[in-house]
Amino acid sequence: MARIYVTREIVGEALSCLRALHEVEVWPGPGSPPRAALLAAVADADGLLAVLTERIDAELIEAAPRLRAIANYGVGYDNIDIEAARARGIAVGNTPDVLTEATADLAFALLLACARHLVEARAAVAAGHWGTWEPAGWLGLDVHGATLGIVGLGRIGRAVARRAAGFAMTVLATRATPLDELLERSDFVSLHCPLTPQTRHLIDASALARMKPTAILVNTARGGIVDQAALVEALWAGRIAGAALDVTDPEPPRPGDPLLAAPNLIVLPHIGSATRTARAEMTAVAVENLIAALDGRPMPHAVV
Ligand code: DGY
């Protein structure tokens with residue numbers, strides 16, 4: 001029987017399969033375990049089920065001499081020092097596929113909400129500012145027939161492209177179209193690449209300057225892909241029409257972060273995969289990964 005540490009209460013039934021086979025300890029919350037508690041908890045852990053807010057770095061791996069398997073609860077794994085895990089022979093897995101459609105739904109919801117000012121219009125109604133029907137009120141952008149640029153045509157990017165087909169959009173993707181050209185031609189730009197040293201601040205001031213002044217940026221990938229200071233400046237200067245972010249850097253933004261006061265911006269609290277089904281299936285995949293690795297088999301969804 002192995003010892004497994006789970007860093008959050010997670011959704012779904014699958015954790016009971018893990019409990020049937022191994023000794024499982026779950027951090028009761030609220031939120032993440034403080035760093036010291038996490039380091040202490042992994043000291044005798046054979047397996048770790050972690051969420052994206054936990055930094056699984058070389059220090060943590062060194063503090064976990066028995067650790068053989070890390071199952072990340074999410075498809076992105078930029079919170080894990082993959083090289084440090086590899087060097088110790090620790091298996092690392094993620095949860096792709098099961099959250100693809102939920103995340104693509106949210107990307108499209110953000111695109112529509114930003115294009116048609118849904119958040120501001122709803123706030124105006126709630127504040128009693130709905131005077132009368134106005135011919136020039138709340139004018140937004142056409143989504144139907146517009147051009148959508150997808151940066152990162154992986155599983156989620158392709159799922160967004162499928163939704164765009166229903167809106168008769170022209171889809172450009174970085175696989176076939178150079179980024180600069182994609183930025184210049186797109187009415188909407190949606191980010192779906194992983195955060196790596198190469199993609200950090202991929203959307204910086206010069207990338208934003210290439211976008212049309214009428215264009216909207218959507219980010220459901222990772223906050224670090226966008227240079228947020230440059231985005232705030234571009235929004236105030238009207239260099240792009242709006243942005244909708246499900247992810248920020250850091251998360252949450254610190255109180256007083258200029259991002260929170262920027263115009264034509266929607267910020268959500270990283271809810272791309274937050275459907276009951278997706279989250280329960282993420283648990284199932286993370287558990288399958290752990291059980292396999294602790295049994296000496298390859299993880300079904302291995303990244304190392
Ligand atoms: C992921 O899986 O990487 C998401 O950001 C969280 O669902």
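Anything mentioned here points back to the structure above.
This is a predicted model, so every value here is computed, not measured. (Residues numbered from 1 in each chain as written. Predicted model: local features only at pLDDT ≥ 70, side-chain atom pairs only at ≥ 80, totals over all residues. Heavy atoms only, no water.)

Asker: Explain the sheet that holds strand 4 (residues 69-73) here, please?
Answerer: Strand pairing within a sheet occurs via backbone hydrogen bonds; the two strands may be parallel or antiparallel. With respect to topology, five strands assemble into an open sheet ordered 2-1-3-4-5, the strand pairing being parallel. The open sheet has two free edges, formed respectively by strand 2 (23-26) and strand 5 (91-93), since each of these has just one partner strand. Strand-to-strand, the axes of this sheet are offset by a mean angle of 15°, without reference to chain direction. Note: strand 4 against strand 5, three bridges, orientation parallel. The partner of isoleucine 70 across the bridge, within strand 5, is valine 92. Packed onto the sheet, helix 11 (residues 276-294) meets strand 1 (3-6), strand 3 (47-51), strand 4 and strand 5 and runs at close to 170° relative to strand 4. (Pairing = 2+ DSSP bridges. Helix = DSSP H or I, 4+ residues; strand = E, 2+ residues; numbered from the N terminus. Axes fitted to C-alpha atoms, helices over the stretch in contact; angles between N-to-C directions. Contact = heavy atoms within 4.5 Å.)

Asker: Just to check I follow, could you spell out the packing of helix 5 (residues 100-115) against helix 7 (residues 155-166) for this structure?
Answerer: Between two packed helices, both the angle of their axes relative to each other and the distance between the axes serve to describe the pair. For the pair helix 5 and helix 7, the least separation of the axes is 8 Å and the interaxial angle reads 55°. With respect to each other, helix 5 and helix 7 are oriented oblique. At the point where helix 5 passes helix 7, the crossing takes the right-handed sense. Contact residues: helix 5 offers Thr100, Glu101, Thr103, Ala104, Asp105, Ala107 and Phe108, while helix 7 offers Arg155, Ile156, Ala159, Val160, Arg162, Arg163 and Ala164. (Parallel < 35°, antiparallel > 145°, perpendicular 65-115°, else oblique. Left-handed = near helix turned anticlockwise from the far one by under 90°.)

Asker: Is there a simple way to explain the side chain of glutamine 228 in this structure?
Answerer: With respect to the element layout, glutamine 228 can be found in helix 10 (residues 228-236). Look at glutamine 228 and you get buried, because its relative accessible area is 11%. A polar atom in the side chain of glutamine 228 sits 2.7 Å from the backbone nitrogen of aspartate 249. (Buried < 20%, exposed > 50% of the residue type's maximum accessible area, 1.4 Å probe, protein only. Polar contact = N/O pair within 3.5 Å; in protein donor to acceptor, adjacent residues only side chain to side chain.)

Asker: I would appreciate a short explanation of the pairing of strand 3 in the present structure.
Answerer: Within a regular beta strand, the side chains point alternately toward one face of the sheet and then the other, so they alternate between its two faces. With five of five residues buried, strand 3 lies mostly within the body of the structure. Covered by surrounding structure in strand 3 are Gly47, Leu49 and Val51 together with Leu48 and Ala50, the residues of both alternating faces. Note: strand 1 against strand 3, three bridges, orientation parallel. Across the sheet, the residue bridging to valine 6 is leucine 49, located in strand 3. Pairing geometry for strand 3 and strand 4, over five bridges, is parallel. What sits directly across from leucine 49, in strand 4, is alanine 71.

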